[in-house]
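Structural overview
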Amino acid sequence: MSEVLSQNEIDALLQALSSGEVDVKEIQEVENSTKIRKYDFRNPQKIAKDQLRTLEIIHENFGRLFQTFLSGYLRTPVKISILTVDQFAYSEFSNAISNPAFLSIIDFKPLNGQILMDISTNVVYAMLDRLLGGDGTEKQEVRAFTEIELSLLDNMMIKVMPLIQEAWGNVLQLNPRLDKIEVNPQFAQIVPPNETIALVTMNIEVGS
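Here is a short report on the structure shown in this document. (Residues numbered from 1 in each chain as written. Predicted model: local features only at pLDDT ≥ 70, side-chain atom pairs only at ≥ 80, totals over all residues. Heavy atoms only, no water.)

What about the pairing of strand 3 (residues 114-118)?
Taken together, the five bridges between strand 2 (residues 103-109) and strand 3 define a ladder with antiparallel strand orientation. Looking at strand 3, one finds that Asp107 is bridged to Gln114. (Pairing = 2+ DSSP bridges. Helix = DSSP H or I, 4+ residues; strand = E, 2+ residues; numbered from the N terminus.)

So, the packing of helix 3 (residues 49-74) against helix 6 (residues 147-167)
It is the contact of helix 3 with helix 6, at a shortest axis distance of 9 Å, that shows an interaxial angle of 140°. Compared by their axis directions, helix 3 and helix 6 come out oblique. The handedness of the crossing between helix 3 and helix 6 comes out as right-handed. Taking contact as the criterion, the partners of Ile58, Asn61, Phe62, Leu65, Phe66, Phe69, Leu70 and Tyr73 in helix 3 are, on helix 6, Leu152, Asn155, Met156, Lys159, Val160, Leu163, Ile164, Glu166 and Ala167. (Axes fitted to C-alpha atoms, helices over the stretch in contact; angles between N-to-C directions. Parallel < 35°, antiparallel > 145°, perpendicular 65-115°, else oblique. Left-handed = near helix turned anticlockwise from the far one by under 90°. Contact = heavy atoms within 4.5 Å.)

Some details on the pattern of salt bridges
Tallied over the full model, the rule gives four salt bridges. A salt bridge links Glu56 to Arg53, with the nearest nitrogen and oxygen atoms 3.1 Å apart. Pair noted here: Glu56 and Arg53 are both in helix 3, with a separation of three residues, about one helical turn. Residue classification places Glu56 among the partly exposed residues on the basis of a relative accessible area of 25%. Its salt-bridge partner being Arg177, residue Asp107 comes within 2.6 Å of it at the nearest N-O pair. Separated by 70 residues along the polypeptide, Asp107 in strand 2 and Arg177 in strand 4 (residues 175-182) bring together distant segments of the chain. According to the relative accessible area criterion, Asp107 is buried, its value standing at 12%. Of the residues examined, Arg177 reaches a relative accessible area of 46% and is grouped as partly exposed. (Salt bridge = Lys/Arg side-chain N within 4 Å of Asp/Glu carboxyl O. Buried < 20%, exposed > 50% of the residue type's maximum accessible area, 1.4 Å probe, protein only.)

Here's the deal with the nonpolar core
Formed by 35 residues in total, the largest nonpolar core has its most connected members in Phe62, Phe66, Leu70, Met157, Val160 and Ile164. Contributions of two or more residues to this core are made by helix 3, strand 1 (78-89), strand 2, helix 5 (121-131) and helix 6. Those residues in contact with Met157, other than ones at most four positions away along the chain, are Phe102, Ser104, Met117, Ile119, Leu178 and Ile181. In terms of nonpolar packing, the next biggest core, distinct from the first, is built from nine residues, Tyr90, Ile97, Ala101 and Leu116 among them. (Core = buried A, V, L, I, M, F, W, Y, C linked by side-chain atoms within 4.5 Å.)

Concerning the layout of surface pockets
Here the largest pocket defines a volume of roughly 1500 Å³. Along the walls of the largest pocket sit 45 residues, with Ile115, Leu116, Ala198, Leu199 and Val200 positioned nearest its centre. When residues of the lining of the largest pocket are traced back to their parent elements, those giving at least two are helix 3, strand 1, helix 4 (90-95), strand 3, helix 5 and strand 5 (196-206). Looking at which element gives the most residues to the lining of the largest pocket, the answer is strand 5, with nine residues. Considering only enclosed or pocket space, the second largest pocket measures out at about 330 Å³ in volume. Forming the boundary of the second largest pocket are 18 residues, of which Asn122, Ala126, Gly136, Thr137 and Glu138 lie nearest the centre. Elements supplying a minimum of two residues to the lining of the second largest pocket: helix 5 and strand 5. For the lining of the second largest pocket, the leading source of residues is helix 5, giving six residues. Looking at the lining of the second largest pocket residue by residue, the class counts come to five nonpolar, seven polar and six charged. (1 Å grid on protein atoms, 1.4 Å probe; cavity = no way out; pocket = protein on both sides within 12 Å on 5 of 7 lines; lining within 4 Å. Points joined across faces, edges and corners; volume = space filled by probe spheres on them. Nonpolar A, V, L, I, M, F, W, Y, C, P; charged D, E, K, R; others polar.)

This is the structure we're talking about:
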């Protein structure tokens, strides 16, 4: 519904037009400018770009710390780099996770909620091979993890928690804690499927 101008406002507008203070073309351009912006309801953009950039800086720092830790822990060269930092609906992310998976669910106190760290099973098999005396190069078939393997991985991820804390140190004093390790993506629903999440994708190279 259009706003109705009072007589005084009409007189003031006519006077501004006649004196040149207001340009008729500018008024027409404002009226003709588009007031509709495209919005994708399947992938709502709730996280600001500067916040995503901050997450990228934090995880670049975490990548360096994690790289140094894994190189010593696995006794082999490890390279880690950031690939992408973006936002998606949680369902898009969870649907792309393989089964079985290696998912670390981490409490992010004092922040509410949890984060999910998904490490590719190919990388995890290479890590396990190194931890159990192998060279980490033998290709393994996709299979369920044994109790011994899960225990080894659980111990490793507990040691990663201080690295997360250090990486976030310049932004927030966190106290991350490994809640549990899950191998079935269906049991790792930490937020509703349509909730927007920040997704940080990293590349890990273990040995060759």
